[in-house]
Amino acid sequence: MEEITFYVQGSAPEPYRVTFIRNGGNLSAYCTCRAGENGMYCKHRFQIMEGLTDDIVSDNTTEVQTVSSWLPGTDVGTIYADVVAIEREIGLLKRRLAKLKKDLAQAMRD
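Summary of the structure given here. Please read all numbers here as calculations on a predicted model, not as lab measurements. (Residues numbered from 1 in each chain as written. Predicted model: local features only at pLDDT ≥ 70, side-chain atom pairs only at ≥ 80, totals over all residues. Heavy atoms only, no water.)

**Concerning the packing of aromatic side chains**
Going by this rule: Ring pairs shown here join Phe, Tyr and Trp side chains whose ring centres sit within 6.5 Å, with only the six-membered ring taken for Trp; geometry is labelled stacked below 30 degrees between planes, edge-to-face above 60, and tilted in between. Segments assigned H or I by DSSP are reported as helices when at least four residues long, segments assigned E as strands when at least two residues long, and all are numbered from the N terminus. Residue exposure (1.4 Å probe, protein chains only): buried if accessible area is under 20% of the type maximum, exposed if over 50%, otherwise partly exposed.
Using the criterion set out here, one finds three aromatic pairs in the structure. Aromatic pair Phe 6 and Phe 20: ring centres 6.2 Å apart, planes at 80°, arrangement edge-to-face. Remark: Phe 20 occurs in strand E2 (residues 16-23) and Phe 6 occurs in strand E1 (residues 2-8); sequence separation between them is 14 residues. Residue Phe 6 shares its accessibility class with Phe 20, and that shared class is buried. Ring centres of Tyr 41 and Phe 46 lie 4.7 Å apart, and the angle between their planes is 25°; this geometry places the pair in the stacked category. Grouped by ring-pair contacts, the aromatic residues Tyr 41, Phe 46 and Tyr 80 constitute a single cluster.

Laid out in structure tokens, this is it:
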């Protein structure tokens, strides 16, 4: 079992503690923010998984790469890859929809 803990500055005065634990093919991630403690989406965990270090206030930002390397082959990594793919599709669809709305508005002026 391997464990890495980061301290991340969020909206609270005190930094949140974000902990990743890898145990074979299982990856767990915990955050002390309200969302994380309630088992909901927590941007602090996702930012680290995305490789972002901006809000990390602990001196171990280089370990973000280690967490990223843990993702492939884990249960979390599989689901996370699906989330990233769907977010990418949504971005493309939003841009396509915006263009179509612009084209529609233009067509209505003829």
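Structure's up, so let's keep going.
**Points about the side chain of His 44**
Put simply, the rule reads: Here, residues are in contact when the closest pair of their heavy atoms is within 4.5 Å.
Structurally, the position occupied by His 44 is in helix H2 (residues 43-49). If near-sequence neighbours (up to four positions away) are discounted, His 44 is found in contact with Val 8, Gly 10, Tyr 16, Val 18, Cys 31 and Cys 33.

**Notes on the pattern of salt bridges**
Two side chains carrying opposite charge are able to pair once their charged atoms lie near each other. Formally: For salt bridges, the criterion is a side-chain nitrogen of Lys or Arg within 4 Å of an Asp or Glu carboxyl oxygen.
Taken as a whole and assessed by the stated rule, the structure comprises two salt bridges. Note that Arg 22 is salt-bridged to Glu 2, the shortest N-O span being 2.7 Å. A residue pair is termed long-range when its members are at least 10 positions apart, and Arg 22 in strand E2 and Glu 2 in strand E1 qualify at 20 residues. Asp 103 is the salt-bridge partner of Lys 99, the closest N and O atoms lying 2.8 Å from each other. Of the two residues, Lys 99 and Asp 103 are both situated in helix H4 (residues 75-107); the distance of four residues between them amounts to about one turn of the helix. Judged by its relative accessible area of 52%, Lys 99 is exposed.

**Quick notes on H4**
To keep it simple, the criterion reads: Under the convention used throughout, the expected extent of a helix is 1.5 Å for every residue step, that is, one less than its residue count.
Compared with the 48 Å implied by 1.5 Å per residue over 33 residues, the 48 Å span of H4 between its first and last C-alpha is a close match. Regarding H4, the residues found buried are Gly 77, Tyr 80 and Gly 91.

**Observations regarding the side chain of Ser 58**
Stated precisely, the cut-off is as follows: Distance and chemistry together define a polar contact, namely a pair of N or O atoms within 3.5 Å, with one atom able to donate a hydrogen and the other to accept it when in protein, and with adjacent residues in sequence counting only for side-chain atoms on both sides.
Topologically, Ser 58 is positioned in the loop between H2 and helix H3 (64-70). Only 3.1 Å separates the side chain of Ser 58 from the backbone nitrogen of Tyr 7, close enough to count as a polar contact. There is a polar contact of 2.6 Å between the side chain of Ser 58 and the side chain of Asn 60.

**A short note on the nonpolar core**
The condition is simple: Among buried residues, those of type Ala, Val, Leu, Ile, Met, Phe, Trp, Tyr and Cys that are joined through side-chain atoms within 4.5 Å constitute a nonpolar core.
Grouped together as the largest cluster of nonpolar side chains are 18 residues, with contacts concentrated most on Phe 6, Phe 20 and Ile 48. Elements represented by at least two residues in this core include exactly E1, E2, strand E3 (26-31), H2 and H3.

**Brief notes about the sheet that holds E2**
Just so we agree on the cut-off: Pairing between strands is defined by DSSP: at least two bridges between the two strands are required. Axis angles are defined between N-to-C directions and span 0 to 180 degrees, where every axis is a line fitted to C-alpha atoms and, for a helix, only to the segment in contact.
As summarised here, the arrangement of the three strands in space is E1-E2-E3, forming an open sheet in which the pairing is antiparallel. Unpaired on one side and paired on the other, E1 and E3 mark the two borders of the sheet. Taken pair by pair, the neighbouring strands of this sheet meet at an average axis angle of 15°, ignoring direction. Two strands pair when backbone bridges link them, and E1 and E2 are joined in this way by seven bridges, in the antiparallel orientation. Residue pairing across strands places Glu 2 opposite Arg 22, the latter belonging to E2.

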